[in-house]
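Fold and geometry: a report
Below, each chain spelled out in residue letters.
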Amino acid sequence: MVNLLISQLLSLFWGWEADMAALAWLLIPLMAAIGAGLWGSWANRTRKMRSDGPELDGYARFREAMERSHSGT
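To keep things clear, this report deals only with the structure shown in the data block. Just so you know, these numbers come straight off a predicted model, no measurement behind them.

Looking at the overall build of the chain
Scanning the chain from terminus to terminus reveals three helices and zero strands. Written out in order from the N terminus, the α and β elements of the chain read α-α-α. Looking at the chain as a whole, 1% of its 73 residues are labelled buried.

Below is the structure:
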């Protein structure tokens, strides 16, 4: 109750400045959430484009090379 009275009293003195300050503090987490959503969708998009094909092919070649070197001894 006291906080409500103080905020009403301050808004009489400062007018819209107190309201704009509250709006600015509410916009900060909103912008952070939007930025996190955009970054998350961008990070997920680039991960989908890459596949494990080249890495698995390289591992298969390495495994074949190791089997060949041990078969001769």
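Comments concerning a nonpolar patch on the surface
There is a patch of nonpolar side chains on the surface, built from M20, L23, L27, L30, M31, I34 and L38 and spanning about 660 Å² of accessible area. Structurally, L27 is set in helix α2 (residues 16-49).

Cut-offs used in this document
Residues numbered from 1 in each chain as written. Predicted model: local features only at pLDDT ≥ 70, side-chain atom pairs only at ≥ 80, totals over all residues. Heavy atoms only, no water. Helix = DSSP H or I, 4+ residues; strand = E, 2+ residues; numbered from the N terminus. Buried < 20%, exposed > 50% of the residue type's maximum accessible area, 1.4 Å probe, protein only. Patch = residues over 30% accessible without salt bridge, like charges linked within 9 Å, V, L, I, M, F, W, Y side chains within 5 Å. Areas by Shrake-Rupley, 256 points an atom, 1.4 Å probe, with all protein chains shown as cover. Salt bridge = Lys/Arg side-chain N within 4 Å of Asp/Glu carboxyl O.

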